[in-house]
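Residue-level listing of the chains:
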Amino acid sequence: MRQWYVLVMIVGLGLSGCKGANSPSANNTAESFDTDTYAVESAVESLSKSSSEGLDAAESDDTTFAATDSSIAVFANTSGDVNADPRIPLCGLPARQQACQTENEGSSFKLAQYDGCRVRGTRLILRGFVRLDFNNQDCSLAVEGNQVNRTLALVADRILGGAVAKSSARHTNYLGEELGGGSVLSRVESSSANLPAWSLEILGKHVQFYNRNARKVADISISTEGEIGVEGSRFQAPNRTVNGGTLRIDHNLAQYTARFSPVNLVFEETCRCPVSGVLKASWTRGSELKAGSIEFLGCGKVKITKGDEVKERELPACQ
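Only a predicted model underlies this, so the values are computations on that prediction, with no experimental measurement involved. (Residues numbered from 1 in each chain as written. Predicted model: local features only at pLDDT ≥ 70, side-chain atom pairs only at ≥ 80, totals over all residues. Heavy atoms only, no water.)

K.L.:
Explanation requested: the overall build of the protein in the structure shown.
P.N.:
In terms of regular secondary structure, the protein is built from two helices and 20 strands. Out of the 319 residues belonging to the protein, those deemed buried represent 53%. Only carbon and sulfur atoms are counted for the fraction: they give 47% of the accessible area of the protein, which is about 13,500 Å². (Helix = DSSP H or I, 4+ residues; strand = E, 2+ residues; numbered from the N terminus. Buried < 20%, exposed > 50% of the residue type's maximum accessible area, 1.4 Å probe, protein only. Areas by Shrake-Rupley, 256 points an atom, 1.4 Å probe, with all protein chains shown as cover.)

K.L.:
For this particular structure, what's the right way to read the nonpolar core?
P.N.:
Nonpolar side chains tend to gather and get buried jointly when the protein is soluble and globular. In this structure, Tyr 114, Leu 126 and Phe 260 are the most contacted members of the largest nonpolar core, which totals 54 residues. The biggest single contributor to this core is strand β16 (residues 256–268), with six residues. (Core = buried A, V, L, I, M, F, W, Y, C linked by side-chain atoms within 4.5 Å.)

K.L.:
In this structure, what is going on with the side chain of Ser 261? I would like to understand it.
P.N.:
Secondary-structure assignment places Ser 261 in strand β16. Excluding its chain neighbours within four sequence positions, the residues that come into contact with Ser 261 are Gly 245, Thr 246, Val 278, Leu 279 and Lys 280. (Contact = heavy atoms within 4.5 Å.)

K.L.:
It is not clear to me how the state of the cysteines should be interpreted in this structure. Could you clarify?
P.N.:
Here, the word disulfide means a covalent bond between the sulfur atoms of two cysteines. Within this structure, the stated rule accounts for three disulfides. Each sulfur of the disulfide joining Cys 100 and Cys 139 lies 2.1 Å from the other. An S-S torsion of about 85° defines the bridge between Cys 100 and Cys 139 as right-handed. A residue pair is termed long-range when its members are at least 10 positions apart, and Cys 100 in the loop between β2 (72–74) and β3 (101–102) and Cys 139 in the loop between β5 (124–134) and β6 (147–158) qualify at 39 residues. (Disulfide = S-S within 2.5 Å.)

K.L.:
Sorry, what's going on with the pairing of strand β20 (residues 309–314) here?
P.N.:
Taken residue by residue, a regular strand's side chains alternate between the two faces of the sheet. Judged by how many residues are buried, β20 sits mostly at the surface: zero of six residues are covered. Between the antiparallel neighbours strand β19 (residues 301–306) and β20 lie two residues, among them Gly 307 with a positive phi of about 65°. (Pairing = 2+ DSSP bridges.)

K.L.:
Would you mind showing me how to read the pattern of salt bridges here?
P.N.:
A pair can form between side chains of opposite charge whenever their charged atoms are brought close. The final tally for this structure, using the stated rule, is eleven salt bridges. For Arg 248, the salt bridge identified is with Glu 177, shortest N-O distance 2.5 Å. In this pair, Arg 248 is assigned in strand β15 (residues 246–251) and Glu 177 in the loop between β8 (171–172) and β9 (178–179), connecting sequence segments 71 residues apart. Judged by its relative accessible area of 8%, Arg 248 is buried. A relative accessible area of 33% means that Glu 177 is categorised as partly exposed. For Arg 248, the salt bridge identified is with Asp 250, shortest N-O distance 2.9 Å. (Salt bridge = Lys/Arg side-chain N within 4 Å of Asp/Glu carboxyl O.)

K.L.:
Can you help me understand unusual backbone geometry in this one?
P.N.:
Glycine aside, negative phi is the norm for most residues, and most peptide bonds take the trans geometry. Of note in this structure, Cys 139 is not a glycine but carries a positive phi near 50°. Unlike most non-glycine residues, Gln 255 shows phi in positive territory, near 60°. Position of Gln 255 relative to the elements: it lies in the loop between β15 and β16. Owing to a relative accessible area of 42%, Gln 255 belongs among the partly exposed residues under this scheme.

K.L.:
Please clarify how the packing of aromatic side chains should be interpreted in this entry.
P.N.:
Centre-to-centre distance and the angle between the planes together describe a pair of aromatic rings. Throughout the structure, instances matching the rule amount to one aromatic pair. Here the aromatic rings of Phe 260 and Trp 283 are separated by 6.3 Å at their centres, their planes lie at 90°, and the arrangement is edge-to-face. Remark: Trp 283 occurs in strand β17 (residues 276–285) and Phe 260 occurs in strand β16; sequence separation between them is 23 residues. Taking relative accessible area as the criterion, Trp 283 reaches 6% and is therefore assigned buried. Here Arg 131 stacks its cationic end above the ring of Phe 109, 4.0 Å away from the centre of that ring. (Phe/Tyr/Trp six-rings, centres within 6.5 Å; stacked < 30°, edge-to-face > 60°. Lys NZ or Arg CZ within 6 Å of the ring centre and 35° of its normal.)

K.L.:
What is the right way to read the pairing of β15 from this model?
P.N.:
For β15, the tally of buried residues reaches six of six residues, placing the bulk of the element in the interior. Where burial is concerned, the two faces of β15 agree: the one with Thr 246, Arg 248 and Asp 250 and the one with Leu 247, Ile 249 and His 251 are both buried. Direction of pairing for strand β12 (residues 216–225) relative to β15: antiparallel, over a ladder of six bridges. Note that in β15 the partner of Thr 224 across the bridge is Leu 247. Of the strand pairs in this sheet, β15 and β16 are connected by five bridges, and their pairing is antiparallel. Residue pairing in the sheet places Leu 247 in a bridge with Phe 260 of β16.

The structure is reproduced here in structure tokens:
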């Protein structure tokens with residue numbers, strides 16, 4: 001069984017520094033935060049669902065999908081098992097493992113609340129909540145038409161300094177557009193009787209990073225343009241494919257937008273990330289547009305093409 005704790009993503013693969021082309025001002029972003037890298041990692045994580053709260057290979061992949069985009073990405077570069085404070089309790093069960101509660105006729109929800117608890121295996125102190133609202137009385141995604149809306153307000157403080165805040169509350173991006181509402185996952189008709197299928201829509205989420213001096217170093221909005229189609233189960237198929245729609249990531253301090261459109265991404269049981277397929281990519285700042293792609297060459301290995309630049313990188317969070 002894998003640990004249920006919230007995944008800590010390592011930011012800093014070095015696709016490009018946050019100075020220069022990615023940031024209009026060194027005062028807006030910290031040298032330690034790589035905006036392009038976060039965009040790629042966030043796209044992979046939002047589409048994979050394997051890095052969900054409480055993932056257990058022995059459980060149904062249908063239920064782990066309810067924890068859409070659940071990870072907390074932070075500046076984490078030290079082991080979490082050193083100098084643990086016994087006065088701080090470990091965080092409890094994630095939202096999808098909470099008891100199903102009926103609120104109104106025809107609807108139900110699951111709720112996880114965190115009040116200054118420590119995320120197992122990290123140096124993170126977590127506060128806030130994650131809520132899953134279902135359009136049926138059984139907290140189910142088992143049949144076509146079932147749907148879940150995931151909303152959250154979480155702050156993760158690192159014991160050695162720095163923090164990240166994630167929220168589905170409505171907010172305004174750098175373009176003046178209002179986003180919010182969390183993510184919606186719907187069970188849909190499948191092209192094969194043997195494969196489950198879903199559509200994923202991210203209405204809007206807001207992620208903010210702070211350094212050890214409590215200065216905001218990144219402010220990011222995540223949403224989708226068109227529904228993203230998902231078919232198959234990593235554990236039951238034994239693979240999953242993702243196609244269509246566009247994941248959009250607005251960098252509100254750096255003031256540019258990255259877009260990623262999945263084309264036949266394939267996930268397998270042994271990897272948290274796609275093992276093949278492509279994310280068609282574009283980066284927009286004002287009237288400037290760079291086109292490119294993220295090609296998956298195996299578990300954690302990617303080839304990034306951005307304009308005339310071509311680089312190969314490994315994603316630590318995939319293993």
